[in-house]
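For reference, the chains in residue letters:
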Amino acid sequence: MKKFAFLLGVGLLACSVPSLAQKTKVKVKTDGPVPATPETGETAPSAPAHAPKAIPVAEYYEGGQEAMYAFIEKELKYPIMARRNRIQGQCIVSFTLNTDGTMSGIKLVKNIGGGCGEEALRVVRLLKFNKPDYAILTSLPVTFKLPAPGQAAAE
């Protein structure tokens, strides 16, 4: 009977933990048209549909988010095992950007296998950021996508 009561208590506690988790507000950027402003009557340009989500830490990278992803794309070497097994997807790397511009606590949050996680960690460690005003805990997605059949594969 004691075991049953204990398991029931643990089960109820496990069910209530997600509701106790800290909730944060997230701004969602829509790709739809922006309404006209009353002062000027003009609409603001919207982001391209294929643009990656805004990464907060990218503002501390020299050249911004586009330059950061261009650097990642240039340095990324598709792992042989992943290419052989046609593995594609996103690996997510988490790290803390310190106030002196260094990164610490670099860890792999999501790995798609085939050596992609290790390659994502290697490329993220190569990034150089400017000094932020405060430490930022962030995650950075690194996308692995094989070229379509018929396109030249970059080695």
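Residues numbered from 1 in each chain as written. Predicted model: local features only at pLDDT ≥ 70, side-chain atom pairs only at ≥ 80, totals over all residues. Heavy atoms only, no water.

Visitor: Describe in detail helix H2 (residues 64-75), supporting the description with residues and values.
Guide: Here H2 contains 12 residues, and its C-alpha end-to-end distance of 17 Å stays within 8% of the 16 Å for a straight helix at 1.5 Å per residue. Residues of H2 that are buried include every one of Gly64, Gln65, Met68, Tyr69 and Ile72, and no others. Seen end-on, H2 carries its buried residues on one side only, within an arc spanning 160°. Turned more than 90 degrees from where H2 packs its buried face, Glu66, Glu73 and Lys74 sit exposed. Packing partners of the buried residues in H2 comprise helix H4 (116-126) and strand S3 (136-144). (Helix = DSSP H or I, 4+ residues; strand = E, 2+ residues; numbered from the N terminus. Expected span 1.5 Å × (residues − 1). Buried < 20%, exposed > 50% of the residue type's maximum accessible area, 1.4 Å probe, protein only. Arc of directions from axis to C-beta. Contact = heavy atoms within 4.5 Å.)

Visitor: Tell me about the sheet that holds S3, and name the residues and values.
Guide: With antiparallel pairing, three strands are arranged side by side in an open sheet as S2-S1-S3. Looking at which strands have only one partner, the edges of the open sheet turn out to be strand S2 (103-110) and S3. Sheet twist, expressed as the mean angle between neighbouring strand axes with direction ignored, is 25°. (Pairing = 2+ DSSP bridges. Axes fitted to C-alpha atoms, helices over the stretch in contact; angles between N-to-C directions.)

Visitor: Summarise H4; cite the residues concerned and give the values.
Guide: For an α-helix the count is 3.6 residues per turn, leaving residues at separations of three or four pointing the same way. Among the residues making up H4, those that are buried are Cys116, Gly117, Glu119, Ala120, Leu121, Val123 and Val124. Where H4 is buried, its residues touch H2, helix H3 (80-84), strand S1 (89-97), S2 and S3.

Visitor: Go over the pattern of salt bridges, please, and point to the residues and values.
Guide: By the definition in use, this model includes two salt bridges. As a salt-bridge pair, lysine 74 and glutamate 75 come within 3.9 Å of each other at their nearest N and O atoms. On the basis of relative accessible area, lysine 74 is assigned to the exposed category, the value being 63%. Measuring nitrogen to oxygen at the nearest pair gives 2.7 Å for the salt bridge that ties arginine 122 to glutamate 119. Pair noted here: arginine 122 and glutamate 119 are both in helix H4, with a separation of three residues, about one helical turn. Given a relative accessible area of 10%, glutamate 119 falls into the buried group. (Salt bridge = Lys/Arg side-chain N within 4 Å of Asp/Glu carboxyl O.)

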